[in-house]
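Analysis of the macromolecular model
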There are 2 protein chains.
Amino acid sequence: MSTAERPEQGRRSGRRPGSSGTRAAILAAASRHFAEHGYDRAALRAIAAEAGVDQRLIAYFFGSKQELFVAAVGLPLNPAEMLPDILAGDPATIDQRLAALLVEILEQSDLHQRLTGVVRAAASEPAVARMMREFLTRELFIPLTTTLGNDNPRFRLNLFGSQIVGLILARYVVGLEPLASMPPQAVANAVAPTLRRYLLDPLD
Amino acid sequence: MSTAERPEQGRRSGRRPGSSGTRAAILAAASRHFAEHGYDRAALRAIAAEAGVDQRLIAYFFGSKQELFVAAVGLPLNPAEMLPDILAGDPATIDQRLAALLVEILEQSDLHQRLTGVVRAAASEPAVARMMREFLTRELFIPLTTTLGNDNPRFRLNLFGSQIVGLILARYVVGLEPLASMPPQAVANAVAPTLRRYLLDPLD
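Now for a description of the structure that goes with this document. (Residues numbered from 1 in each chain as written. Chains lettered and ligands numbered in written order. Predicted model: local features only at pLDDT ≥ 70, side-chain atom pairs only at ≥ 80, totals over all residues. Heavy atoms only, no water.)

All right, on to the overall build of chain A then. When helices and strands are counted, chain A shows 11 helices and zero strands. Whereas a compact globule of 204 residues would reach a radius of gyration of roughly 17 Å, chain A reaches 18 Å, a difference of no more than 12%. In chain A, which comprises 204 residues, the proportion classed as buried is 53%. Residue pairs in contact within chain A that sit at least 24 positions apart in sequence constitute 68% of those at least 6 positions apart. When the accessible area of chain A is evaluated, it comes to approximately 8,700 Å², of which 53% is carbon and sulfur surface. Averaging the positions of the 22 positive and the 21 negative side-chain charges in chain A gives two centres separated by 6 Å. (Helix = DSSP H or I, 4+ residues; strand = E, 2+ residues; numbered from the N terminus. Rg over C-alpha atoms; globule rule 2.2 N^0.38 Å. Buried < 20%, exposed > 50% of the residue type's maximum accessible area, 1.4 Å probe, protein only. Contact = heavy atoms within 4.5 Å. Areas by Shrake-Rupley, 256 points an atom, 1.4 Å probe, with all protein chains shown as cover. Lys, Arg positive; Asp, Glu negative; His and termini not counted. Charge placed at Lys NZ, Arg CZ, Asp CG, Glu CD.)

All names here are of chain B. Evaluation of the coordinates by the stated rule reveals 14 salt bridges over all chains. Residue D54 is joined to R56 by a salt bridge in which the shortest nitrogen-to-oxygen separation is 2.9 Å. Of the residues examined, D54 reaches a relative accessible area of 36% and is grouped as partly exposed. Taking relative accessible area as the criterion, R56 reaches 65% and is therefore assigned exposed. (Salt bridge = Lys/Arg side-chain N within 4 Å of Asp/Glu carboxyl O.)

Let us now look at unusual backbone geometry. All names here are of chain A. Going from E177 to P178, the amide bond is cis rather than trans, its omega being 15 degrees. Among the structural elements, P178 can be located in the loop between α10 (153–173) and α11 (184–200). Look at N152: it is not a glycine, yet its phi comes out positive at around 55 degrees. Among the secondary structure elements, N152 is positioned in the loop between α9 (126–148) and α10. On the accessibility criterion, N152 (42% relative accessible area) is partly exposed.

Let us now look at the relation of the copies chain B and chain A. Superposition record for chain B on chain A: RMSD 0.0 Å, screw rotation 180 degrees, translation along axis 0.0 Å. Both copies are brought into coincidence by an operation consistent with a two-fold rotation axis. Considering only C-alpha atoms, the part of chain B nearest the rotation axis is G166 of chain B, at 1.8 Å. (Least-squares fit on C-alpha atoms with pLDDT ≥ 70 in both.)

So yeah, pure geometry; function would need other evidence.
The following block contains the structure:
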């Protein structure tokens, strides 16, 4: 599930000696480049040049620009991969799929620690906020507009994101009780209907 | 509505010459003291000593510890005053009252700028997160437990807070579109049913 692990597996395969340093150099260059130029204007060619590697190595280690971004930011899950699967299933059971996604986020401490880091950075650094906004718009809001196919699909996805980010802040950053110590499944059951409503139900 | 204005009005009444400096000294001491000791352990006597003023001047300018905190943090609205009013009305029309609260927050740019500042600070500084957590617990979650009178009232208020803070982050800090440029009333209409559900409806 964690896209950040995939390149690690590539490295462990041992096909390319010295690849650990190469991979780290690409990630460092990508982090700087995305923060400076945002997601839309970032160029794999420029990232390769900054890292001092052939551009094809980026494709080898990370695949697409989207996957490089997810790895560089340290996103534990790739929302662009997960949400389409949730929407593809039976609408009558979407609450369960949304709750399962939330449980997955809330149960794994290294996963929510990295999410917390991303939320903190986006809250305090305008450059991080911009690259997150551009990434989410380009890879999630625009592609899912047709999938949702109802009124205001992008607005709905914005609201969905607002509840996810607010939950992370309230539970892990501010540590409101009892939310912070509730079992993941109880939190997921309480929040999933909100997410479903934002995606599929009438908005007012 | 804005509790931060009340002391300003007190100052303008001119009853107490030189009060502007006194008020500013109290606010500065309170900001430091709350950040260092949190909300629960903060003492008005110690704040008065830090500011070099008589403790009675704190009551004169700000009223209670709660109101001093709201002014020191720069909270544009005192949630401890507003939420009880919303809950006191007819449950059948609570969506409208919640939407009106959201419109009030979203329409006034100086108001949401200050809220954004508080959210940013809480996200990046653990001391700010702690004092916000203690303030909300002491002045909002505990007093409203009986008012709500249903299952898990504190958890419900935590979830309510998570959606408010997430909305501020998504609209003003990350600037997701179209959420960031939607009219306040449209945002309020879409989010109010979520807030009502967290407060009053069955949670799963």
